[in-house]
Every structure is written in C-alpha cells, then in structure tokens.
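For reference, the chains in residue letters:
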Amino acid sequence: MVLQASILQVCGIRPPAPHHNRGVRSRSTDAFILGTHALKEKDRIVSFLTRDAGKKRGVAHGARSPRSRFTGVLEPMTEARVVYFEKEGRDLVSLDEVEAVRPSFALSGELGRALVLSSFAESLEVFVSDSDPAEPFYRLARHAMDSLVAGGSPAAVAGYFDLWVLKLSGLFPSASECAGCGRALGRDEVLFFDETRPGFLGSECKRSGALRLSPEARDSLRRFLTGPLDAKNDPPGLTEIAEVARRARRHFLGHELKSQRVIGKVLG
Ligand SMILES: [Zn+2]
C-alpha cells in the first residue's frame, strides 16, 4: 500500500482520499473563500462558504510559507474547488486542496471593487450560520460576483447584495404591507422605513426618525427584491436603499460591519 502510494506520487497522481477512515471523510465542493487568519507559524485558518454544506472553517497547513500550494487562492470571494477532510465531532476541517475556479484578484485591483469584495465576504461570514445549508447565499454570491465581472456598478451590486443577505437571513421586512397596521401598501404610496420594527410603514403609522423613501428609491427597492440584478447603471434612489440596508443591519447586529465602516471612510 505504501509502495503503491509512492508510485502514484512519482507519477503525479494523488492517491484516492480515504473515505470514512476512523470517522474521517473527504469532501469535494465548490466554495467562496471568505477570509483567513494566521494559525501558529506556518498555517492559516480559512473560512469558506460551500455550495452544499454551509459555512466551514478549515486549517490550511503550511499556507503561511512562501511556496505554499495555497498561495494566491485564498483571496476573499475567490470561488474555488475545495477538497477537505472532516472528522466526526470536530468543527474545524482540514483543507487538502484549493483550486481557484474564478479568482477574485482580477476585481481587487480597483479600490471600489476591492472594498465591495471584502464587504461581501464579511457579510457572509456574519450572516450565514455555520454548517447550515446555505445554497441561496451561495447563489447570491455567484450572482453578485458575475455582475461585478461583467462590469456592473460596484455600488449597485453592493446595494442589491446587502438587501438580499438580510432577506435570506429572514431579517428584511415585506415592502408590500404596513408593519404598523398590516394593511396592504399601494404601489404608488409614500413608504417609511423603521428599523426598530423592522418594517415599512404607511404615513398613518410612521414615527419620527423613520426614513422616508423617495418614489424612485421605493420602486428600485421593490425591483431589487423581486428580480435579478441589472447593474449596468446605478438605479435611482440607490443611496436611500443603501441606507435602508445599513439601518436594518445595524439594528440587528448592534453595530456596523467593519468593512462597511472602511467603505464609508474611503468612498464617502
Ligand atoms: Zn399602517
């Protein structure tokens, strides 16, 4: 068996990964890299969102050495084919291979896009719970990344992504009924957003401090929530939509995301 394994290695073929070996199993999946941090001298802990097994954390052994096989493939929002070993009863997995399928570095050369990538990664890190199936989040990430690669406006893509992360997390209210009295909100009436409910209100139920949406922002917000993103141009009212997402997020978390604070400082 040892000889067979070494012959395979000489020929450049990896021996088959052990399945169910003392509670260890090998898994192969598509994943978005979310972030890394240093572990001891040579390793990194990598957080990644898999298509079919939720969010995972794994050790990339040797990833801090200059000639590591993980060099260049652990950038935030790089989509990769990941092979990892999982041991029964342990949360931390062990990364075996990470092969970039859609590297994000092509987008990270421009500051606005680079900041948006880090905000996507942080949002997914915060809002997706560990090991829950998270395919809708995966599809959202893919849709947002495809839009950026196709030259979409980073602000529009970010606005859409931020609303949908909240919606998929069950934290975004319906924009079609008043959160105060439950009546259906007309398509053309003035909407107020109140993050403390959280909800959209008609003028009869609004309180002071609620955010009044312009008709353009209201219509763009409804388009965002009901269809795919068309990010060729910034839709009207985008700043207000970003403010709605910001208020909802801050109310839920009790603070703003680090990446959003950086975006605020750098891009205003
Ligand atoms: Zn009402």
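Residues numbered from 1 in each chain as written. Predicted model: local features only at pLDDT ≥ 70, side-chain atom pairs only at ≥ 80, totals over all residues.

### Here's the deal with the overall build of the protein
Helix and strand counts for the protein come out as seven helices and eight strands. Its C-alpha atoms give the protein principal-axis dimensions of about 80 × 40 × 30 Å. Residues counted as buried form 36% of the 268 residues belonging to the protein. Sequence-distant contacts in the protein: of pairs separated by 6 or more residues, those separated by 24 or more amount to 55%. (Helix = DSSP H or I, 4+ residues; strand = E, 2+ residues; numbered from the N terminus. Buried ≥ 20, exposed ≤ 12 C-beta atoms within 10 Å, placed from the backbone. Contact = placed C-beta atoms within 7 Å.)

### A word on helix 6 (residues 238-253)
Over its 16 residues, helix 6 runs 22 Å from end to end, which matches the ideal 22 Å to within 8%, given 1.5 Å per residue. Residues of helix 6 that are buried in the fold lie against helix 4 (154-168), strand 6 (191-194), strand 8 (211-213) and helix 5 (215-226). Count one or two residues on from helix 6 and you reach G254, which has phi positive near 85°. (Expected span 1.5 Å × (residues − 1).)

### Some details on the packing of helix 3 (residues 135-149) against helix 4
Between helix 3 and helix 4, the shortest axis-to-axis distance is 10 Å and the interhelical angle comes to 175°. Taken together, the axes of helix 3 and helix 4 lie roughly antiparallel to each other. Counted together, P136, F137, L140, A144, S147 and L148 of helix 3 and P154, V157, Y160, F161, W164, V165 and L168 of helix 4 form the full contact between these two elements. Its residues assigned to classes, the contact of helix 3 with helix 4 comprises twelve nonpolar, one polar and no charged. (Axes fitted to C-alpha atoms, helices over the stretch in contact; angles between N-to-C directions. Parallel < 35°, antiparallel > 145°, perpendicular 65-115°, else oblique. Nonpolar A, V, L, I, M, F, W, Y, C, P; charged D, E, K, R; others polar.)

### A closer look at helix 7 (residues 258-267)
Taken residue by residue, helix 7 has S259, Q260 and I263 as its buried positions. Seen end-on, helix 7 carries its buried residues on one side only, within an arc spanning 100°. Away from its buried face by more than 90 degrees, helix 7 exposes K258, R261, G264 and K265. (Arc of directions from axis to C-beta.)

### Regarding the domain arrangement of the protein
Taken domain by domain, the protein comprises domain 1 (17-102) and domain 2 (113-267). Once you take the C-alpha centre of each, domain 1 and domain 2 turn out to be 30 Å apart. Counting residues at the interface gives 14 residues for domain 1 and 17 residues for domain 2. Of all elements in the fold, only strand 1 (24-39) and strand 2 (43-50) reach the threshold of two or more residues within the side of domain 1 that touches domain 2. By residue number, the principal contributor to the side of domain 1 that touches domain 2 is strand 1, which donates three residues. Residues that form the side of domain 1 that touches domain 2 fall into these classes: six nonpolar, three polar and five charged. (Domains from an automatic or database assignment.)

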